[in-house]
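# Summary of the model geometry
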Amino acid sequence: MRNISFCLLLVFSLRVSEAVPARVWIQTPNFYIRKCFGAEACKDFSLNRSAVKTYQTTKREKLRVIETPDNIIKRNEATLEICRLNWSLGDGAGITKLLSKNFTFTWLPKTDMEEIVDRDGFKPFFDAFKAKGAENGGPPLGSTEFMLFENIIQRPIGDTTFESAQWIVPGFADGTYMHAAWQNHIIWAMGGMFSNQTTGTNNLNSLAPVSDIIKRNEAILDVCRLNWSLGDGAGITKLLVENFTFTWLPGTDMEEIVDRDGFKPFFDAFKPKGAENKGRSRDHLHVFENIIQKSIGDTTFETAQWILPGFADGTHMNAARGNHIIWSMAGISD
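Okay, so let's go over this structure.

Cut-offs used in this document
- Residues numbered from 1 in each chain as written.
- Predicted model: local features only at pLDDT ≥ 70, side-chain atom pairs only at ≥ 80, totals over all residues.
- Heavy atoms only, no water.
- Helix = DSSP H or I, 4+ residues; strand = E, 2+ residues; numbered from the N terminus.
- Buried < 20%, exposed > 50% of the residue type's maximum accessible area, 1.4 Å probe, protein only.
- Contact = heavy atoms within 4.5 Å.
- Areas by Shrake-Rupley, 256 points an atom, 1.4 Å probe, with all protein chains shown as cover.
- Pairing = 2+ DSSP bridges.
- Axes fitted to C-alpha atoms, helices over the stretch in contact; angles between N-to-C directions.
- Expected span 1.5 Å × (residues − 1).
- Arc of directions from axis to C-beta.
- Polar contact = N/O pair within 3.5 Å; in protein donor to acceptor, adjacent residues only side chain to side chain.

## A short note on the overall build of the protein chain
- Tallying secondary structure elements over the protein chain gives 9 helices and 14 strands in all.
- Burial status across the protein chain gives 49% buried among its 334 residues.
- Taking the intrachain contacts of the protein chain between residues at least 6 apart in sequence as the baseline, contacts between residues at least 24 apart amount to 55%.
- Here the protein chain has roughly 16,800 Å² of accessible surface; of this, 54% comes from carbon and sulfur atoms.

## Observations regarding the pairing of strand β12 (residues 299-308)
- By the criterion of burial, β12 is predominantly enclosed, with 8 of the 10 residues buried.
- Relative to β12, strand β11 (residues 287-296) runs antiparallel, the two sharing 8 bridges. Bridging from a neighbouring strand, K294 pairs with F301 of β12.
- Where β11 folds back on β12, the antiparallel hairpin that results is connected by 2 residues, among which G297 adopts a positive phi of roughly 65°.
- Relative to strand β13 (residues 312-321), β12 runs antiparallel, the two being bridged by 9 bridges. Bridge assignment links I307 to a residue of β13, and that residue is D313.
- Linkage of β12 to β13, two consecutive antiparallel strands, is achieved through a turn of 3 residues, within which G310 is found at a positive phi near 85°.

## A closer look at the sheet that holds strand β14 (residues 324-332)
- Read across the open sheet, the 6 strands follow the order β10-β9-β14-β13-β12-β11; overall the sheet is mixed. Two strands close off the open sheet at either side, each with one partner strand: β10 (256-259) and β11. Sheet twist, expressed as the mean angle between neighbouring strand axes with direction ignored, is 15°.
- For β13 and β14, the ladder comprises 8 bridges, and the chain directions are antiparallel. Bridge pairing in β14 places A319 opposite W327.

## Some points on the pairing of strand β6 (residues 160-169)
- Across the 10 residues of β6, 8 count as buried, placing the element largely inside the fold.
- Joining the antiparallel neighbours β6 and strand β7 (residues 173-182) is a turn of 3 residues, in which G171 adopts a positive phi near 85°.

## What to know about the environment of G92
- Counting through the fold element by element, G92 comes out in helix α4 (residues 92-96).
- The sequence separation of G92 and F122 amounts to 30 residues, and the corresponding C-alpha distance is 7.8 Å.
- Beyond its immediate sequence surroundings of up to four residues, G92 is in contact with K123 and F126.

## Notes on helix α5 (residues 119-135)
- With 17 residues, α5 extends 25 Å between its outermost C-alpha atoms, agreeing within 8% with the 24 Å of an ideal straight helix rising 1.5 Å per residue.
- Those residues of α5 lying buried are F122, F125, F126, F129, K130 and G133. For α5, the angular spread of the buried residues around the axis is 140°, confining them to a single face. Exposed positions of α5 whose direction lies more than 90 degrees from the buried face are D120, P124 and E135.
- Where α5 begins, one side-chain oxygen reaches toward the backbone nitrogen of D120, 3.3 Å away; that side chain belongs to D118.
- In the segment just after α5, G137 is the residue with positive phi, at about 95°.

Encoded structure:
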């Protein structure tokens, strides 16, 4: 057993040649990568780019990201984008994961209603804010279309990136905020509110520009692909619409259609199968190549090649709309 451990340590300690050409393209929110692989494994991520470069061995068995000074800013931007996505989804727990231990949120600064909230108090504050919005014409509780953003401005200063923008909770209120990202975390935030709105709508897509709708779709597809890469079936399931269907091996005698409730058991059964057949570990599952996305109306479609190194590869197609994956199909190569 000690010999096996030593061999594994030796293999994963080998330096990957920087001369190896980039072949795998993965878009990933960096805080997940930092959590699962360590701070040095953070990858470039942008909603405005179709792919992110990583490096690997010729056998596709390891990935290694080459750190550059520019990546510090890109990681900050990724953290800010994922934070904004979680606000959009109304996911207080997702926001809290991004907050530094000494984070503070100042609500309505320099007013008689000023309130300072720390990291532990943020989710209760956020849940109370959502409830107040639901009671006063905003999105209902449980909605995953809570907030949208306009006029986003970012400014890096040293190793910290600051962001300011207008936030809108349709039917309830709007305002402005400013916050700062450093080392894959939001370190502080401030928010103000203008007044109650009279838009009379609870549908984010009815107010959002088409470009914002597509960016949200692309973000959902990115996070979905990340969770496949990490082997996180629960994380994937959170992104699925209620009437979601996953079609495995479509058009073959082995075709299987899985609904939302059945997806995680299907996924959990697939992971050990790959691990038992010399695939990657159960925690780090897929890599992806040749990602293609096409938006039609308010829906974004994606197709790509998936690879479970050492076990199998194939293609997938899925579709994102309204902050969810609405359906998915996948096949396996012969």
